[in-house]
Amino acid sequence: MADATFTAQDWLEDFERTANIAEAQGDPSGSSAGLNKAVARLDSGLKQIEKDPTAFRVDAREVERRRTLVDGLKSQIGYKEPVYGGGTFVRPAGGVAPSTPMDRLTQQRMVAAEQDVLIDQIADGVDRLHDRAIMINEESTLHKSLLDDMDVDVDKATMGLRQQTKTANKIRQSTSNCYMYICIAVLFGILMLLLIISFQ
């Protein structure tokens, strides 16, 4: 049966955290003992899964994929095989609390590294929000400028329309006066003609 202290999903989450820390550290030569221990814990957990994949509800292909992930992570950090009782002590998979000050210090450094990764991710998110805010502000400024230009154009068009209206009114008035003068002249001519006829 599988160890009740972790599941296949727990193993994946642990792998993701460890991979993020490894990526944050970058240089393999600068990998800490804590990171080496984390990879050793992943390796130990994966060995338990490999012994009984059915108990962890994973198939052989998934187990092989996870082994490839762990091997790649080992290569990335320059993994050193742990030595029990001599060199580096690696806590077995199973959630046992650190028993020595050195283990506690190493665990604290791992937690700090994880927090650094989270802080970097939050900082990246804040930077993206800042960039979007700048873009929105620039678009708002552009739209305001376009609206101001449109207001100026509307004012110019309104003034031009008023001038054209005044000109049209003047032409209409002058045209009506001309017709009136012509009518008066015609009527006057008819009157004179009638007078001449009446005196003959």
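This text goes with the structure placed above it.
Residues numbered from 1 in each chain as written. Predicted model: local features only at pLDDT ≥ 70, side-chain atom pairs only at ≥ 80, totals over all residues. Heavy atoms only, no water.

A. Geometry of the pattern of salt bridges. Taken as a whole and assessed by the stated rule, the structure comprises 10 salt bridges. Ionic pairing is found between R41 and D14, a salt bridge with its closest N-O pair at 3.4 Å. Linking R41 in helix α2 (residues 33-51) with D14 in helix α1 (residues 8-25), this pair joins segments that are 27 residues apart in sequence. On the accessibility criterion, R41 (16% relative accessible area) is buried. For D14, a relative accessible area of 14% translates into the label buried. Between E62 and R65 there is a salt bridge; the shortest N-O distance is 2.8 Å. Of the two residues, E62 and R65 are both situated in helix α3 (residues 60-77); the distance of 3 residues between them amounts to about one turn of the helix. The network of salt bridges with common partners includes D43, K47, E50, R67, D71 and K74. (Salt bridge = Lys/Arg side-chain N within 4 Å of Asp/Glu carboxyl O. Helix = DSSP H or I, 4+ residues; strand = E, 2+ residues; numbered from the N terminus. Buried < 20%, exposed > 50% of the residue type's maximum accessible area, 1.4 Å probe, protein only.)

B. Main features of the packing of α1 against α3. The N-to-C vectors of α1 and α3 enclose an angle of 25 degrees; their axes lie 11 Å apart at closest approach. Taken together, α1 and α3 sit at an angle that is classed as roughly parallel. Helix-helix and strand crossings are classified by hand; for α1 and α3 the assignment is left-handed. The segment α1 lies against α3, with A8, W11, L12, F15, T18, A19, A22 and E23 engaging R65, R66, L69, V70, L73, Q76 and I77. (Axes fitted to C-alpha atoms, helices over the stretch in contact; angles between N-to-C directions. Parallel < 35°, antiparallel > 145°, perpendicular 65-115°, else oblique. Left-handed = near helix turned anticlockwise from the far one by under 90°. Contact = heavy atoms within 4.5 Å.)

C. Seen up close, the nonpolar core. Core analysis: the largest hydrophobic core is formed by 21 residues, its most contacted members being W11, I49, F56, V58, L73 and I77. Counting only elements with at least two residues in this core, the list comes to α1, α2 and α3. Contact partners of L73, with chain neighbours within four places excluded, come to F15, T18, A19, A22, V39 and L42. (Core = buried A, V, L, I, M, F, W, Y, C linked by side-chain atoms within 4.5 Å.)

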